[in-house]
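One letter stands for each residue in the lines below.
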Amino acid sequence: MERIKKKLRRSLAAAVEIFTVLLSVCLGFVGYRTYYLGMIKKYKEYERTTLMLASQDIDWDGVEQAVLSGEENEAYKKLSERLDFIKSNSEIAWLYLITPLNDSSNDNMRYICTGNTKQEYANFRTNRFNELTGTEFPSDVAKQYLDFFRKSEPGAFWYYQNKTEWGSVYTTSIVVRNSAGKGLGVLSVDINMVDIDSTLKIYPLRILSASLAFAAVFVIILILWLNRRVIHPLKSLQNSAVDFVSKASGDDVESLNFVDPKIRTQDEIQSLSCALVTMASETKQYMQKLIYETSERERISADLNVAANIQNSMLPHEFPKRGDFDLCASMNPAKEVGGDFYDFFFVDENHLGLVIADVSGKGIPASLFMVISKTIIKNLALSGKTMSPAQILQEANNQLCEGNEASLFVTVWLGILDLNAGTVTAANAGHEFPAVRQPGKNFELIRDKHGVVLAGMENMVYADYEFTLEKGATLFVYTDGVPEATNANNELFELERTVQALNVNPAAEPKELLSIVRGEVDKFVGEAPQFDDLTMLAIKYKGR
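Since this is a predicted model, take the numbers as computed values, not measurements.

Draft legend 1. Highlighting the nonpolar core. Leu 354, Val 410, Val 412, Trp 413, Leu 454, Leu 469 and Leu 475 are the most contacted members of the largest nonpolar core, which has 53 residues in total. By residue number, the principal contributor to this core is helix α8 (residues 363–381), which donates seven residues. Apart from residues lying up to four places away in sequence, Leu 454 is in contact with Ile 377, Leu 393, Ala 396, Asn 397, Leu 400, Phe 409, Val 410, Val 412, Ala 429 and Tyr 462. One finds Ile 40, Tyr 43, Leu 79 and Leu 95 within the second-largest nonpolar core, a separate group that totals 29 residues.

Right, here's the structure in full:
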C-alpha cells in the first residue's frame, strides 16, 4: 500500500503540474492570438483610413495624363503633396502608388508616386515618378499585385503581410481609377511591425516562466494536503474494499459485509466511503436477486423456445413438388418469435391461395395475433363459399377488430392463382407491392392499390385486381423487413435495392431467388442487428 500511495502522490502531483503548465500555455496562446489579431485589426483600420484620405478629392484623370506624358502636372503635384503630408504626419513606413506591369523577377512594377518626409527629401529621396521597381518586389508578390489590380472590385481593399529586407511590414492596398472606372494603379500603405514582433517574441517566455514557478509552489502544497486529506483515508477505504472482495469470491452470499472505515473528512472521500458501504449492501441484495432472476430467465427462455417451435410449426415448410408450379418461402423473425407469416393452400384443385402478412409489433403479442390472423384468413378461404380475396379480407378484418384491445393490426397481401390460366386475383390490405417477372424480362413491381390494414377499423371495403403470369413467370411477395432492413449507417435497403437483388439472377428458381435476396440484404446490413422480421415467398408458374 505504501508503494501505491507514493505512486498516487507522484501521479497527482505530476498531473497537476502538467495541467497547470498546459493551462498557462493555453491562456498564453489565447492572449498571444488576441493581442496579435487586435493589432492586425488596428493596422487594417488605420491603413484603410490612410488610403481613403490619400485618394480623396484627387483628379485621377489628370494624374493619368501625367503618367502618359511623363511630365508632372497640377493633378500629379497635388497627389505628391498629399502623400508627402500624410507620410510626414503619421506613423506609416511607406506610402506609394505603383502600376503592376508583369510577374517577372525584375522591373515588374512602375512607381507613379511615393510619399516622403522633408528629411527623406533632404537625403536625396524622390517621389520616383515613372521609375521602375527593379528587383524590389519578388515575382510572387508582383503576381498578387497584378491579380489585385486586374480583378478587384471598385473600393475593395487588399491586405498583405510581408517580410522585406527592411523588416516585417503590414500592407493595405486599393486600386485607384479614373473617371471611366479604368484602373490607374495600386495605392499602398505599409506599417512597420517591429513593435508587435518584439513583443510577441518575449511574450511566450514570460508566460512559461511564470507557469513553471506557479506549478512548483502549487505542487508542494498539494502533496502535503494530499497526504492528510486523500492518501490516508483512501488507504483505510482500500483495506475495507479488499476485505469485501475476498469474501465476495466465495459462494456464501450471506457472509458479504463491508467494514465501515469511519472516514470523517467532510468531503467527497467521506461521500465515497458512505456510497461504498451502501453499494456493498445493495450488491449483496442484488446478488441474491440475481440468483432468483437467473433461474426465472432460464425458464422464460425455455418457454420462448417452445413458442418459437409452435409458431414455426404452424407455417408450411413442405413445398409441393408439381409440374405446374414451383414454390418456396421463408420467415426469419427479429426476436425469438415474430409477427410475420406466409401461407399457401389449395382452394380447390385448380386454384392456389397465396398469403403473406406482417403483424404490427414483435414478440409474443405479435405472434399470438399472427396465429389468429392466419387461422381466420385460411378458414375463410377454405369455407366453401365463393369469396374473392377482397371479400375474404373484408370479413377477416371485421373478425379481427372484435376484442382487439391491444390495438394490433396486420398488413396482408392475398392472391388466388388460377393454375389453368395463370391469372392471379389479389387484394392488398396495406402490404408491400408484389414483384413479377414475366419470361425473358426483369422483375418489376406491381404498384397495386392498398386498402386499410386488417384490424384497423371495422367494415372496411377492399378491392380486387388481376394480373396474369405467363408460363415461366415468377411472383415474389415479401414483408417490410426486406426494404426496411437497416445497416450501421441507419440507411434502408429500400425497394430499389430489393428489385436490383431480384434481378441479380431473374431466371433463378424460387428457392435460389430467396437465397439471393437474403444474401443481398445481409451484405447490405453487415454487422447491424436485424431490425424486423424478414419473410419472403416466391412462386414460379409453369402452366398446365
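Okay, back to it.
Draft legend 2. The sheet that holds strand β12 (residues 444–445), seen in detail. Across the sheet, which stays open at both edges, the five strands sit in the order β6-β15-β14-β11-β12 with antiparallel pairing between neighbours. Taken across any chain shown, the strands that pair with only one partner, and hence form the sheet edges, are β6 (325–332) and β12. Across two bridges, the pairing between strand β11 (residues 435–437) and β12 is antiparallel. Looking at β12, one finds that Ala 435 is bridged to Leu 445. The strands touched by helix α11 (residues 510–525) are β6, β14 (473–478) and β15 (534–541); relative to β15, the strand with the most contacts, the crossing angle is about 145°.

Draft legend 3. How the structure looks around helix α2 (residues 60–69). For α2, the set of buried residues is Trp 60, Gly 62, Val 63, Glu 64 and Ala 66. Gly 70 sits one or two residues past α2 and shows a positive phi near 80°.

Draft legend 4. Geometry of the environment of Thr 114. Checked against the element boundaries, Thr 114 lands in strand β2 (residues 109–114). Judged by its relative accessible area of 7%, Thr 114 is buried. It is 9.5 Å that separates the C-alpha atoms of Thr 114 and Ser 188, two residues lying 74 residues apart in sequence. Sequence-distant contacts of Thr 114, that is, excluding residues within four places in its chain, are made with Leu 83, Asp 84, Leu 95, Tyr 96, Tyr 121, Thr 126, Asn 127 and Arg 128. Within polar-contact distance, the side chain of Thr 114 engages the side chain of Asn 116 at 3.3 Å.

Draft legend 5. Here's a closer look at the sheet that holds strand β10 (residues 423–429). Here we have five strands laid out as an open sheet, ordered β7-β8-β9-β10-β13, and antiparallel in their pairing. Either end of the sheet is taken by a strand with one partner, and the two such strands are β7 (340–348) and β13 (465–468). Going across the sheet, the axis of each strand differs from the next one's by a mean of 20°, ignoring polarity. Pairing of β10 with β13 involves four bridges; the strand directions are antiparallel. Pairing of Thr 425 across the sheet is with Glu 466, part of β13. Across the sheet, helix α9 (residues 389–401) touches β9 (410–418) and β10, and the angle it forms with β10 is around 30°.

Draft legend 6. Inspection of the environment of Gln 266 at higher detail. Among the secondary structure elements, Gln 266 is positioned in the loop between α6 (194–248) and α7 (268–314). Classification of Gln 266 as exposed rests on a relative accessible area of 64%. For the pair formed by Gln 266 and Arg 229, sequence separation is 37 residues and the distance between their alpha carbons is 9.9 Å.

Draft legend 7. Inspection of helix α3 (residues 74–88) at higher detail. Look at α3: 21 Å from first C-alpha to last across 15 residues, which is about the 21 Å you get at 1.5 Å a residue. Burial in α3 covers these residues: Ala 75, Tyr 76, Leu 79, Ser 80, Arg 82, Leu 83, Asp 84, Ile 86 and Lys 87. Where α3 begins, one side-chain oxygen reaches toward the backbone nitrogen of Ala 75, 3.3 Å away; that side chain belongs to Asn 73.

Draft legend 8. Spotlight on the packing of α2 against α3. In contact at an axis separation of 7 Å, α2 and α3 are set at 105° when each is read in the N-to-C sense. In terms of axis orientation, α2 runs roughly perpendicular to α3. Residue-level contacts link Trp 60, Gly 62, Val 63 and Ala 66 of α2 to Ala 75, Tyr 76 and Leu 79 of α3. Looking at side-chain class alone, the contact of α2 with α3 contains six nonpolar, one polar and no charged residues.

Draft legend 9. Geometry of the pattern of salt bridges. Applying the stated criterion to the full structure yields ten salt bridges. In this structure, Lys 87 and Glu 120 form a salt bridge, with 3.0 Å as the shortest nitrogen-oxygen distance. Within this pair, whereas Lys 87 is found in helix α3, its partner Glu 120 is found in helix α4 (residues 118–122), the two being separated by 33 residues in sequence. For the pair Lys 87 and Glu 120, a shared accessibility class is recorded, and that class is buried. Through salt bridges with shared partners, one network takes in Arg 128, Glu 131 and Glu 136.

Draft legend 10. Looking closely at the pairing of strand β1 (residues 94–100). Taken across its seven residues, β1 has six buried, putting it largely inside the fold. In terms of strand pairing, β1 meets strand β5 (residues 183–192) through five bridges, oriented antiparallel. Paired with Leu 97 across the strands is Leu 187, a residue of β5. With five bridges connecting them, β1 and β2 associate as antiparallel partners. Looking at the pairing, Tyr 96 lines up with Thr 114 of β2.

How each quantity is defined
Starting afresh in each chain, residues are numbered from 1 along the sequence in its written order. Totals for whole chains, interfaces and linings use every residue, but because this is a predicted model, local features are given only for residues with pLDDT of at least 70 and side-chain atom pairs only at 80 or more, for both listing and counting. Note: side-chain values were computed over all heavy atoms of the structure, leaving out hydrogens and water. In this description, a nonpolar core means a group of buried Ala, Val, Leu, Ile, Met, Phe, Trp, Tyr and Cys residues linked to one another through side-chain atoms lying within 4.5 Å. For every residue, the accessible area obtained with a 1.4 Å probe (protein chains only) is divided by the maximum for its type, and the residue is called buried under 20%, exposed over 50%, and partly exposed between those limits. Helix numbers and strand numbers start at the N terminus; a helix is a DSSP run of H or I with at least 4 residues, a strand a run of E with at least 2. Any two residues whose heavy atoms approach within 4.5 Å at even a single point are treated as in contact. At least two bridges found by DSSP between two strands are what make those strands a pair. The axes are straight lines fitted to the C-alpha atoms, using for helices just the contacting stretch, and the angles between their N-to-C directions are given from 0 to 180°. N or O atoms closer than or at 3.5 Å make up a polar contact, with two conditions inside protein: a donor-capable atom paired with an acceptor-capable one, and, for residues adjacent in sequence, both atoms drawn from side chains. Take the residue count of a helix, subtract one, and multiply by 1.5 Å to get its expected span. Reported orientations rely on four angle classes, namely roughly parallel under 35 degrees, roughly antiparallel over 145, roughly perpendicular from 65 to 115, and oblique for the rest. Ten residues, namely Ala, Val, Leu, Ile, Met, Phe, Trp, Tyr, Cys and Pro, are considered nonpolar, four, namely Asp, Glu, Lys and Arg, are considered charged, and the remaining ones, Gly among them, are considered polar. Note on definitions: salt bridges are taken to be side-chain nitrogens of Lys or Arg within 4 Å of carboxyl oxygens of Asp or Glu.

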